[in-house]
Amino acid sequence: MQKRRERVDRGIKVRSGDVFALCSWREMLYLAGPRVLPVVAILMLPLVLGIYWQKVLLSVAVFALLAISWDLLAQTGMISLGQALFFGMGAYVTGILNHYWGLPPLLTIPVAAVFGGLICTALLLPVLRLRGIYFSMVTLILPLMLVRLVEATRIFGGTEGLTGMTSLPSRWLEIYLIVGAMLAALFGFRRLLGTDYGLVLKGIRDNDRSVINAGINIYWYKTQALWIASTIGAFAGAFMTHVYMFVGMPVFALDYSILPIAAAVVGGPGSLAGATLGAFILVPLSEVLRGVGGLRIVLYGVFLVVFIVALPEGIFHFIQRKYHQFERWVEVDT
Amino acid sequence: MKSTAILRVTGLFKNFGGVQAISDLYFDLAEGELLGLIGPNGSGKTTAVNLITGFVKPSTGAVVFKGFDITGLPAYRIVRLGIARTFQMVKPFYQLPAYKNMIIPLYSPRVKKLVGGKYGDRDAVALDLLEEVGFERDAKVAYKVAAALPQGYLKRLELAKAIALQPDLLILDELFSGLSLAEVAGILPIIEKLRREGKTIIMIEHRLKELFRIADRVIVLNYGQKIADGRAADVMESAAVKSAYLGTE
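Since the structure is predicted, the reported quantities are computational estimates derived from the model, not experimental observations. (Residues numbered from 1 in each chain as written. Chains lettered and ligands numbered in written order. Predicted model: local features only at pLDDT ≥ 70, side-chain atom pairs only at ≥ 80, totals over all residues.)

K.L.:
Mind showing me how you'd approach the overall build of chain A here?
P.N.:
When you go through chain A residue by residue, the secondary structure sums to 14 helices and four strands. Its C-alpha atoms give chain A a radius of gyration of 22 Å, within 12% of the compact-globule value 20 Å for 334 residues. With the C-alpha coordinates of chain A rotated into their principal frame, the extents come out at 70 × 55 × 45 Å. Here chain A holds 334 residues, and the buried ones make up 41% of them. (Helix = DSSP H or I, 4+ residues; strand = E, 2+ residues; numbered from the N terminus. Rg over C-alpha atoms; globule rule 2.2 N^0.38 Å. Buried ≥ 20, exposed ≤ 12 C-beta atoms within 10 Å, placed from the backbone.)

K.L.:
Explanation requested: the packing of helix α11 (residues 255-267) of chain A against helix α12 (residues 273-288) of chain A in the structure shown.
P.N.:
When two helices pack together, you describe them by how their axes are tilted relative to each other and by the distance separating the axes. Residue and element names in this part refer to chain A. Look at α11 against α12: their axes get within 7 Å of each other, and the N-to-C directions meet at 110°. Regarding the angle of α11 to α12, the classification is roughly perpendicular. Viewed along their axes, α11 and α12 form a crossing whose handedness is right-handed. Residues L259, A262, A263, A264, V266 and G267 of α11 form the contact with α12, whose participating residues are G274, A275, T276, L277, G278, A279, I281 and L282. Along the lines of polarity and charge, the residues of the contact of α11 with α12 split into 10 nonpolar, four polar and no charged. (Axes fitted to C-alpha atoms, helices over the stretch in contact; angles between N-to-C directions. Parallel < 35°, antiparallel > 145°, perpendicular 65-115°, else oblique. Left-handed = near helix turned anticlockwise from the far one by under 90°. Contact = placed C-beta atoms within 7 Å. Nonpolar A, V, L, I, M, F, W, Y, C, P; charged D, E, K, R; others polar.)

K.L.:
Help me understand the confidence of the model for chain B in this model?
P.N.:
The predicted coordinates should not be examined in detail at positions where pLDDT is low. Residues and elements named next belong to chain B. Taken over all residues, the pLDDT of chain B has a mean of 88, while the share at 70 or more is 96%. When pLDDT is averaged over each element of chain B, helix α2 (residues 75-81) comes out on top at 96 and helix α11 (residues 239-246) at the bottom at 74. What the predictor reports for the complex is a pTM of 0.90 with an ipTM of 0.90. (pLDDT = per-residue confidence, 0-100.)

K.L.:
How should the pairing of strand β4 (residues 325-332) of chain A be read in this particular structure?
P.N.:
In summary, the side chains of a regular strand alternate between the two faces of the sheet. Residue and element names in this part refer to chain A. A small share of β4 lies buried, amounting to zero of its eight residues. Inspection of the sheet shows strand β1 (residues 2-9) paired to β4 by eight bridges, in the antiparallel sense. By the bridge assignment for β4, R4 is matched with V330. (Pairing = 2+ DSSP bridges.)

K.L.:
Looking at this structure, I do not really get the nonpolar core. What am I missing?
P.N.:
Across soluble globular proteins, nonpolar side chains show a tendency to be buried alongside one another. Residues and elements named next belong to chain A. With 165 residues, the main nonpolar core has A64, L65 and I68 as its most contacted residues. With 14 residues, the single largest contributor to this core is helix α3 (residues 51-75). Once residues lying within four places of it in the same chain are set aside, the contact partners of I68 are A185, L186, F189, I232, L272, A275 and T276. (Core = buried A, V, L, I, M, F, W, Y, C linked by C-beta atoms within 7 Å.)

K.L.:
Explanation requested: the interface of chain A and chain B in the structure shown.
P.N.:
How big an interface is tends to be stated in terms of the accessible area lost upon association of its parts. Taken together, the 15 residues of chain A in the interface contact 19 residues of chain B. Breaking the side of chain A that touches chain B down by element, the ones donating at least two residues are α8 (196-206) and α9 (208-212) of chain A. Of the residues forming the side of chain A that touches chain B, the biggest block, five residues, is contributed by α8(A). Across the side of chain A that touches chain B, the residue classes tally to six nonpolar, six polar and three charged.

K.L.:
Help me understand the environment of E160(A) in this model?
P.N.:
Residue and element names in this part refer to chain A. Relative to the helices and strands, E160 resides in the loop between α6 (132-153) and β2 (162-163). Residue E160 is classed as exposed on the basis of its C-beta count, with 11 C-beta atoms lying within 10 Å. Remark: the alpha-carbon pair of E160 and G248, spanning 88 residues in sequence, is separated by 6.5 Å.

K.L.:
Help me understand helix α8 (residues 181-196) of chain B, please; the structure alone is not making it clear to me.
P.N.:
Structural remark: α-helix, 3.6 residues per turn; residues separated by three or four positions point the same way. For α8(B), built from 16 residues, the straight-helix expectation of 22 Å at 1.5 Å per residue is met to within 8% by its first-to-last C-alpha distance of 23 Å. Backbone geometry just after α8(B) places G198(B) at a positive phi near 90°. (Expected span 1.5 Å × (residues − 1).)

K.L.:
Is there a simple way to think about the sheet that holds strand β1 (residues 5-16) of chain B in this case?
P.N.:
All names here are of chain B. The sheet built from four strands is open, its strands ordered β2-β1-β4-β5 with antiparallel pairing. The sheet is open, and its two borders are formed by β2 (19-30) and β5 (68-69), each paired with just one other strand. Pairing between strand β4 (residues 60-65) and β5: two bridges, direction antiparallel. In the strand pairing of β5, F65 is matched with F68. In the packing of helix α1 (residues 45-53) onto the sheet, contacts are made with β1, β2 and β4, and the angle to β2 comes to roughly 65°.

K.L.:
Teacher, can you tell me more about the pairing of strand β9 (residues 217-222) of chain B here?
P.N.:
Residue and element names in this part refer to chain B. Two strands pair when backbone bridges link them, and strand β3 (residues 34-38) and β9 are joined in this way by four bridges, in the parallel orientation. The residue bridging I38 from the neighbouring strand is V220, located in β9. As paired strands, β9 and strand β10 (residues 225-230) are joined by five bridges and run antiparallel to one another. The residue of β10 that forms the bridge with I219 is D229.

Below, the structure is given as structure tokens:
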């Protein structure tokens, strides 16, 4: 007699599955807990953290936005290796508007998000028909090309970049703006993916010919997803420009492309929440490891490998499964 | 030749490199007709369907649907004009429950245009459509993910997705392939019902017995060329068809 592990939904999950959940505090807590508690905790964090860790939280939120943007694209079947393109484009657009025209950050950030997103979408439009690794390669190359373009032509400050950007009016506005944007993107786009529109996006990833066969122009939908994702990334880049009060070639650095992917993989792709959770683990981890000096990247790499091997589904999906289901061993006839 | 041709194919050629997949294909299809498209493996049946539905562009020739020249139009635009097809190799969204697979065709601009604005609860419409093609509502099979469904249900799902588009011309590419006799017997009445409702249908089939029971007319392809066109009984008497299927001594 052999045994196998069986997963069964918890009673409370079944009881919370319909409108009758509203009759019981326990069921309502079960539903609201995983949503409300993290939101409250994240909103409280800036109040209890010192200035250094507040800056780390800024970084976490920025990478979480980039990871959400990556995950959204991945859900539509576009694997991007170049989130730095979105980040850098937003950073340069806001930098130019602020440096040359003196426009205030609260205007340049949204404008840079929208127009930066549009420029990135226009740049990637010709390769939207490419699939798999071919699309990924182009996304990887574009930010690298733009770095060389800035360097060679010395436009927008060349290698020295543009300095003296206006900072945001207050530290609190800074932190709550980015944290608020992260939460809005997380819950907003999670909701979007759950709609029929989101189903079409996921359908393109699963089987694009089948979506075409429904009379749907997949390139139009891919364009929309690309614009949404690049706008999120451009927002993050524009925001950081006003935090650093500088924009230059480092905004197209590979870090902005690779770390969001690592965050989404460690956290668990496909849910956007996993990507966010991944950023909340990897960015502070990177800071903590600063203490070990030269071995930092080695330990960081080991951590990544261990996580991916031990929990290939991602931390978020693991926690979600444990929350909703229990496991038991059952005997099976061979 | 009937004057009420819903589909007119003329002088269609397609070559892939040195291979002539379709050579001078021509036929008219009358509204409400059920046309069987048969031929040995590799004779160009699926290529012909791909050319009509826009998934492959023809080298030369013309496809006219309801009076519009649709030659070379993108596939999604041809679907919007009213041609829906199934695929020989089923193409479900494996990660989604069967009824959620139906949401994407129900989200189609064609359906929106026909129904007018919002459809309302697409889930409910999806479940109704699935029931029509044999997803028993009591068995909850419509709620299973497509990856867990047997081939018979996947074929029914493929058919339901095409029907959801309310097409004027339905093309079924080897719907019966890989199915047991019992499964075919379960799907056949659905096609007969569509036929009674006046739907124009093209069926590519290898299951000739079942096809001949319902087809008005049969076209036989061999090496990309039409070698016979007519009533099933007459076509199978043709020497060219016998030679294509059985070979020559």
